[in-house]
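# Overview (structure and organization)
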Amino acid sequence: MIEIRNLTKSFQSGNDTVEALKNVSLTIPDGDIYGIIGMSGAGKSTLVRCINMLERPTSGTVIIDGQDMGSLSTAELRAARRNITMIFQGFNLLMQRDCLSNICFPLELAGVKKAAAKKRALELLEVVGLPDKAKAYPAQLSGGQQQRIAIARALATNPKVLLCDEATSALDPKTTHSILNLIRDINRELGITAIVITHQMSVVEEICQHVAILDNGVVVEEGEVGTIFANPQSPEAKRLVFPDGSNEILPAEPGEKRIRVVFNGALATGTPLIATMAMEENIAANILFASTRSIGDKVYGNMLLGIPDGEKNLPKAAAYLQSIADVVVEEVLPNA
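To keep things clear, this report deals only with the structure shown in the data block. Think of each chain on its own: its residues are numbered from 1, step by step along the sequence as written. Given that this is a predicted model, residues contribute local features only at a pLDDT of at least 70 and side-chain atom pairs are listed and counted only at 80 or more, while totals for whole chains, interfaces and linings are drawn from all residues. Heavy atoms throughout the structure, all of them, feed into the side-chain values; hydrogens and water do not.

This part takes up the nonpolar core. What is meant by a nonpolar core is a set of buried Ala, Val, Leu, Ile, Met, Phe, Trp, Tyr and Cys residues, joined one to another through side-chain atoms within 4.5 Å. Under the scheme applied here, a residue whose accessible area is under 20% of the maximum for its type counts as buried, over 50% as exposed, and between as partly exposed, the area being computed with a 1.4 Å probe on protein chains only. Formed by 52 residues in total, the largest nonpolar core has its most connected members in I87, I103, I149, I151 and I183. Helix numbers and strand numbers start at the N terminus; a helix is a DSSP run of H or I with at least 4 residues, a strand a run of E with at least 2. Tallying contributions element by element places helix α5 (residues 143-155) first for this core, with 6 residues. Contacts: residue pairs with any heavy atoms within 4.5 Å of one another. Setting aside residues up to four positions removed in sequence, I149 forms contacts with L93, C99, N102, I103, L125, L130 and L141. I2, V24, M53 and A80 belong to the second-largest nonpolar core, a separate cluster that totals 29 residues.

Let us look at the pairing of strand β4 (residues 59-64). Along a regular strand, successive side chains alternate from one face of the sheet to the other. The pairing criterion is simple: DSSP has to find at least two bridges between the two strands. Where strand β1 (residues 2-13) and β4 come together, 5 bridges link them in antiparallel fashion. Along β4, the bridge assignment pairs I2 with I64. What sits between β4 and strand β5 (residues 67-68) in their antiparallel hairpin is a turn of 2 residues, with D65 showing a positive phi close to 50 degrees.

Right, let's talk about the packing of helix α3 (residues 99-109) against α5 for a bit. Orientation of α3 relative to α5, taken along the N-to-C sense of each, is 30 degrees, at an axis distance of 7 Å. Looking at the two axes, α3 sits roughly parallel to α5. Relative to α5, α3 is oriented so that their crossing is right-handed. Contact residues: C99, N102, I103 and P106 in α3; I149, A152 and R153 in α5. Fitted lines through C-alpha atoms give the axes, limited to the stretch in contact for helices. The angle between two N-to-C directions lies from 0 to 180 degrees. Between 65 and 115 degrees an angle is taken as roughly perpendicular, under 35 as roughly parallel, over 145 as roughly antiparallel, and anywhere else as oblique. The sense of a crossing depends on the near helix, which, turned anticlockwise from the far helix by less than a right angle, makes the crossing left-handed and, turned clockwise, makes it right-handed.

Here we have 6 strands laid out as an open sheet, ordered β6-β7-β8-β3-β9-β10, and mixed in their pairing. Edge positions in the open sheet fall to β6 (84-88) and β10 (218-224), since each of these has one partner strand only. The mean inter-strand angle of the sheet, taken between neighbouring strand axes irrespective of direction, is 15 degrees. Here β6 pairs with strand β7 (residues 161-165) via 5 bridges, running parallel. Counterpart to T85 in the pairing with β7 is L162. Packed on one face of the sheet, α5 meets β6 and β7 and runs near 170 degrees to β6.

The interhelical angle for the contact between helix α10 (residues 273-281) and helix α11 (residues 310-322), taken along N-to-C directions, is 125 degrees, at an axis separation of 11 Å. Relative to α11, α10 is oriented oblique. By crossing handedness, the relation of α10 to α11 is classed as right-handed. Contacts from L273, I274, T276, M277, E280 and E281 of α10 reach α11 at K316, A317, Y320 and L321. Residues were grouped as follows: Ala, Val, Leu, Ile, Met, Phe, Trp, Tyr, Cys and Pro as nonpolar; Asp, Glu, Lys and Arg as charged; and all remaining residues, including Gly, as polar. Residues belonging to the contact of α10 with α11 are distributed by class as follows: 6 nonpolar, 1 polar and 3 charged.

A few words on the pairing of β1. Bridge count between β1 and strand β2 (residues 16-28): 9 bridges; the pairing is antiparallel. Note that in β2 the partner of E3 across the bridge is T27. Counted between consecutive antiparallel strands, the loop separating β1 from β2 contains 2 residues, among which G14 sits at a positive phi close to 65 degrees.

Before going further, it helps to spend a moment on α3. Within the sequence span of α3, burial applies to C99, L100, N102, I103, C104, P106 and L107. Elements in contact with the buried residues of α3: α4 (114-127) and α5. Any pair of nitrogen or oxygen atoms within 3.5 Å is treated as a polar contact; in protein, a donor-acceptor pairing is required on top of that, and neighbouring residues in sequence qualify only through side-chain atoms on both sides. Put simply, D98 is the residue that caps the front of α3, since its side-chain oxygen is 3.3 Å from the backbone nitrogen of L100. In the segment just after α3, G111 is the residue with positive phi, at about 85 degrees.

Below, the discussion takes up the environment of P106. Locating P106 in the fold gives a position in helix α3. Sequence separation between P106 and L54 is 52 residues; the distance between their C-alpha atoms is 17 Å. Once you skip the residues sitting within four places of it in the chain, P106 turns out to touch R153, A156 and T157.

Residue placement: E236 occurs in helix α9 (residues 235-241). On a C-alpha basis, the gap between E236 and N264 in space is 21 Å, while along the polypeptide they are 28 residues apart. Those residues within four positions of E236 in sequence are excluded, and the remaining contacts are M39, I213, L214, D215 and V220.

Below is the structure:
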């Protein structure tokens, strides 16, 4: 478990003091995929660098598996970082080394014998789906392939935590999806806790189980992704979930109630869901807003529905929609 308690980080900028993080407290369960999201300048990258002490916090603590990271000596911290590895937007591969040597590099630093390091690197090339790229150099690879090599390198020391700092921001949507799938597979198969730093809500909704929203160095909202998406409370959460202002909808008709339907990887069907509900439940819902997309055979995104004769029909509509796997439904109250 990762416990972040009352974390504050300040920087000096000329004569001014800039507070990048302000009293941040989070608990990240083992084996979770935890998203930290916010706009540029929110403090996301500073937070992730404080987790592995690349940045020393001004105050507060980071505790990983009961160990206070701030209390470790330089040598102890170096050893601890083998369990907390990181991938970046810019890949950060060594351009003069081939892929095999890049993956071996952290093992060399850890004193692993050459033969054992090579064996581990070849295994990891299989894990990331690039067994034929051992002798290729980073410049010969696509961006997605470079990030896969970076992930393999990060896994070399058998870490418990993988920090992903805007790891897909430089990639096209299709490649982003493949990298997120790889991170999800690694999380499931190896039990690694993944912390995903991003400014893209689409990344959070596709891969994360929990999310914290940062705004100006403060955690303004946190919880399960489905809950945050269903009914964001803070202005910053609403801006991220509804970047086009879709929460600003015309007033409800008399007797109408509203629900938000969030699709977190629900299986796509050939028949439109709302039309099917109208036929089977005799509820003619009004689609006030919809932002959904299909990735493979799964649907992500959200929809705001107006339910006529809401006192009678809302419970029926909610029960019908929530009977579908990976769909979350929540009533949207006035001004919520």
